[in-house]
Structure formats: C-alpha cells, structure tokens
Amino acid sequence: MQDKKRIFSGMQPTGVLTLGNYLGAMRNWVALQDEYECIYSVVDLHSLTVRNEAKELRERRLSLLAQYIACGINPEKSIVFMQSHVSAHAELSWVLNCNTYMGELSRQTQFKEKVSKHKDNINAGLFTYPVLMAADILLYQTDLVPVGDDQKQHLEIARDIAGRFNGLYGNVFKIPEPYIPKVGARIMSLQDPTSKMSKSDENSNAYITLLDSPETILRKFKRAVTDSEAVVRYDLEEKPGISNLMSIYASVTGKNLDDIRQEFEGKGYGDFKAAVGEAVAETLRPIQESYNELMAARDYLQDIMKKGAEDANRIARRTLGKVYRKIGLQ
Ligand code: TYM
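Residues numbered from 1 in each chain as written. Predicted model: local features only at pLDDT ≥ 70, side-chain atom pairs only at ≥ 80, totals over all residues. Heavy atoms only, no water.

1. Concerning the overall build of the protein chain
A count of helical and extended segments in the protein chain gives twelve helices and five strands. Here the C-alpha atoms of the protein chain give a radius of gyration of 21 Å, agreeing with the 20 Å that 2.2 N^0.38 yields for 330 residues. The buried share of the protein chain, taken over its 330 residues, is 52%. For the protein chain, restricting intrachain contacts to residue pairs at least 6 apart in sequence, the fraction spanning at least 24 positions comes to 75%. Accessible surface for the protein chain amounts to roughly 15,600 Å². Of this, 49% is attributable to carbon and sulfur atoms. When the 43 positive and 43 negative side-chain charges of the protein chain are each reduced to one mean point, those points stand 5 Å apart. (Helix = DSSP H or I, 4+ residues; strand = E, 2+ residues; numbered from the N terminus. Rg over C-alpha atoms; globule rule 2.2 N^0.38 Å. Buried < 20%, exposed > 50% of the residue type's maximum accessible area, 1.4 Å probe, protein only. Contact = heavy atoms within 4.5 Å. Areas by Shrake-Rupley, 256 points an atom, 1.4 Å probe, with all protein chains shown as cover. Lys, Arg positive; Asp, Glu negative; His and termini not counted. Charge placed at Lys NZ, Arg CZ, Asp CG, Glu CD.)

2. Side note on the packing of aromatic side chains
Applying the stated rule across the entire model yields eleven aromatic pairs. A ring pair is formed by Tyr-249 and Phe-272, whose centres lie 6.1 Å apart and whose planes are at 85°; its orientation type is edge-to-face. Placement of Tyr-249 in helix 9 (residues 240–253) and of Phe-272 in helix 11 (residues 269–295) is noted, with a sequence separation of 23 residues between them. The same class applies to Tyr-249 as to Phe-272, namely buried. With a centroid separation of 4.9 Å and 65° between ring planes, the pair formed by Phe-264 and Phe-272 is classed as edge-to-face. On the accessibility criterion, Phe-272 (0% relative accessible area) is buried. Lying across the ring of Tyr-129, Lys-114 places its NZ or CZ 3.9 Å from the centre. (Phe/Tyr/Trp six-rings, centres within 6.5 Å; stacked < 30°, edge-to-face > 60°. Lys NZ or Arg CZ within 6 Å of the ring centre and 35° of its normal.)

3. As for the environment of Thr-226
Within the element layout of this structure, Thr-226 appears in the loop between helix 8 (214–222) and helix 9. Given a relative accessible area of 25%, Thr-226 falls into the partly exposed group. For the pair Thr-226 and Thr-209, spaced 17 residues apart in the sequence, the C-alpha separation amounts to 20 Å. Residue contacts for Thr-226: discarding those within four places in its chain leaves Ile-242, Leu-245, Tyr-269 and Lys-273.

4. Brief notes about the site of the ligand
Taken together, 26 residues are adjacent to the ligand, and Tyr-129, Asp-136, Gly-148, Asp-150 and Ile-187 come closest. A distance of 2.4 Å separates an oxygen atom of the ligand from a polar atom in the side chain of Asp-150. Secondary-structure elements contributing two or more residues to the shell around the ligand are strand 1 (6–11), helix 1 (19–31) and helix 6 (124–139). Tallied by class, the residues present in the shell around the ligand amount to twelve nonpolar, ten polar and four charged. (Near = heavy atom within 4 Å. Polar contact = N/O pair within 3.5 Å; in protein donor to acceptor, adjacent residues only side chain to side chain. Nonpolar A, V, L, I, M, F, W, Y, C, P; charged D, E, K, R; others polar.)

5. Side note on the state of the cysteines
The full count for this structure, using the stated rule, is zero disulfides. With no disulfide of its own, Cys-38 lies 14 Å from the sulfur of Cys-71, the closest cysteine sulfur. (Disulfide = S-S within 2.5 Å.)

6. Considering the pattern of salt bridges
According to the stated counting rule, one finds 25 salt bridges in the structure shown. A salt bridge links Arg-285 to Glu-282, with the nearest nitrogen and oxygen atoms 2.9 Å apart. Of the two residues, Arg-285 and Glu-282 are both situated in helix 11; the distance of three residues between them amounts to about one turn of the helix. A single salt-bridge network, built from bridges that share partners, covers Asp-227, Glu-229, Arg-233, Asp-235 and Lys-239. (Salt bridge = Lys/Arg side-chain N within 4 Å of Asp/Glu carboxyl O.)

7. Looking at unusual backbone geometry
Of note, the phi angle at Gln-141 is positive, near 50°, even though the residue is not glycine. If you trace the backbone, Gln-141 turns up in the loop between helix 6 and strand 4 (144–146). By relative accessible area, which is 17% here, Gln-141 ends up buried. The phi dihedral of Ala-230 is positive, around 60°, even though this residue is not glycine.

8. Some points on the environment of Glu-289
Among the structural elements, Glu-289 can be located in helix 11. A relative accessible area of 48% places Glu-289 in the partly exposed class. Taking the C-alpha atoms as reference points, Glu-289 and Gly-277, separated by twelve residues in sequence, lie 18 Å from one another.

9. As for the packing of helix 8 against helix 11
Following both chains from N to C, one finds helix 8 and helix 11 inclined at 150°, their axes separated by 8 Å at the closest point. Considered as vectors, helix 8 and helix 11 are oriented roughly antiparallel to each other. For the crossing formed where helix 8 meets helix 11, the hand is right-handed. From helix 8, Pro-214, Ile-217, Leu-218, Phe-221 and Lys-222 reach across to helix 11, where they touch Lys-273, Ala-274, Val-276, Gly-277, Glu-278, Val-280, Ala-281, Leu-284 and Arg-285. The residue inventory of the contact of helix 8 with helix 11, partitioned by class, reads nine nonpolar, one polar and four charged. (Axes fitted to C-alpha atoms, helices over the stretch in contact; angles between N-to-C directions. Parallel < 35°, antiparallel > 145°, perpendicular 65-115°, else oblique. Left-handed = near helix turned anticlockwise from the far one by under 90°.)

10. Brief notes about the side chain of Thr-209
Note on placement: Thr-209 falls in the loop between strand 5 (177–179) and helix 8. Residue Thr-209 is classed as buried on the basis of its relative accessible area of 7%. Not counting residues up to four positions away in its chain, the partners in contact with Thr-209 are Val-16, Leu-17, Thr-18, Lys-199 and Leu-284.

11. Structural notes on the pairing of strand 3 (residues 79–82)
Alternating residues of strand 3 divide into Ile-79 and Phe-81 and Val-80 and Met-82, and every residue in both groups is buried. In the sheet, strand 2 (residues 37–42) pairs with strand 3 via four bridges, with the strands oriented parallel. Following the sheet pairing, Val-42 is matched in strand 3 by Met-82. (Pairing = 2+ DSSP bridges.)

Rendered as structure tokens:
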C-alpha cells in the first residue's frame, strides 16, 4: 500500500537547466524527497515538438539526468527515468487525446507563444502537448506536481481531463494539485524583466544556466537591466528588474525581501548585483562539481535510467490497465 503521498514532475531535455528551472521547480523536487514518494522524469517525448539532432538529443537527455542528480535528486529515494522508456505515457496520451476538446487546448497561452516562435514547424504535437503532460501525471496517481508558475495552466487542463474521465468511467485518476513555490515561481529574464527567463532566449545574457562559470554569472548579473532610481526595493510594476534580482537573492539565501532592502539601504546597484551574483555562483558551485563527476560515470547513469524505467513502468502499467478495462480495451 502507498502510505506517503506521491509527487510527479518532469523537465524537458532542451539543454542545460536555467536558474529559473532550478529555483522554480528543481529546488522543491529535492526538498520534497523525504516527505513524499517522488517520481521525476526526463520528458524526452515532449521535446520532439521541436526538431532535434538525434545525437544531440541523446546527449542532452543523459546530461539532464546528471543535472537532476547533481542538484540533489537521490535515485535511491526517488524514481528517476526517461519518459520514452515507459510506453504507457504515449498509450495513455492517445486515450486522453480522445477525451480532450480542441476548444480547451486552443486556449493554452503556451501554444500561442510557441506558434509565434516556431512558424515553420507548427505540428500537432505542439497543440496536444498538455495531453501528454496530463498522461505523465495521471499515470502515477499523483497528489502533487511541483512546477513553476508557467505550468499552472497545463496542470489545470490535466485536472479537467482527469475530472471528466472520472465522471464518465468512475474513479480512475487521482486529481493532482500544483505545488508552486512562494518565492522563485517565475524568474524573469535579466535583459527584459517583463518576460520569463528562458533558455531559448537569443541573448545568452538574459539567463543563467546551472553550468555557467562564476565569472560568467557575475558578468551577467552586472549587466542585468534595472532602473535609474538606485534604491533596492521590491516593486514589480515600477522596478521589475530589481524585484527579479531580489527574488533570486531571497530564493538562494533564504532571506526575506524586507531584510534584503535593509541590507542594501544606502548602497548602489553595483554592490547589490555583485552580492546576487556571488550568492548564485556559490549555490551552483557544488552542483557543477557533482555534474562533472557524473558525466564521467556514464555506466552509473545508464544503471539509474534502467532501474528508474522498471520502477516507473510497474506503477504506470497498473493505471493503464485500469483505464483499458474501463474503456473496453481489456
Ligand atoms: P520545462 O522543461 O519548460 O521547465 C521545467 C520546470 O522549470 C520551471 N520553470 C521556471 N520556473 C520559474 N521561473 C522560470 N523562468 C522558469 N522556467 C521554467 C517550469 O515551470 C517547470 O516546472 N511541460 C513541462 C514539462 C512536463 C511536466 C510534466 C511537468 C512534462 N510533463 C508533468 C510536470 C509534470 C515543461 O515544459 O517544463
């Protein structure tokens, strides 16, 4: 019997994680491992919605697995696996596709954003992306889904699909809840603090990656866009740049916004930016060391992947079997 509540979440292997991924989601993933039964996936099927070079994708998914572990995901405690290794994800996704309306998918803001970015490749997978995400979550009878703020709408769709399916076929799926951090749920671009920090930004000064060197981190923060008031205070409307840096600093140091304001009272933005950069570099240093060791131990990563797929498959098959029985495929 399952006594601990269950957590599921995933990240796309689109490259090295950003500080946004780390503060918005990964840190919670790590923190929740003791209290919950956690299942974390490298969602490689999701990344097929954009074109990839096979060799690169293969490398990026292994690298993402190493990043999970370097950040503190413990494969002895949590299940860590590649989404494509558990075929139930694709199977349930099809069933759910047939129980999802075009109308509800048309309303997702991320689809609209992606369509404007990838005009040459508006494929059906981009449109049904949230259905695969719903399958990921629902397969594991998930209680909580730790994500950043931008995934809220996708989670709402997953809840709607689950509720509708349960209404038709009886209690098949647990209805999952989002778990979004109070600070750090939406880390903004360092160059345009009104848009989300994202790896796909053309300007690499806009984001920090987990593997940026301390010098690069300090330089990027030094160049971060702020304002001309020269006062460190939180005001999202008037001072989105400084407010973003305050959130980052609060998130990595555990200090609250008021303490930060006092700490930098009478000091210039130069001092503040240097302090944020140093705190971030210090947080990432041990992760980078561990990542480099892991990438040199590929057999170990392969073993984790194999064991994770077996464990995940066992749970996922149980739910898929239940679904198939309910709808008449078994
Ligand atoms: P992805 O890979 O874009 O992002 C991974 C996680 O990082 C969070 N995040 C951020 N948080 C704060 N500030 C930011 N700037 C920032 N950028 C990204 C995201 O909210 C996410 O939690 N659709 C998902 C992957 C997915 C998934 C799932 C998640 C597939 N199936 C099932 C949970 C459960 C995605 O593309 O995340």
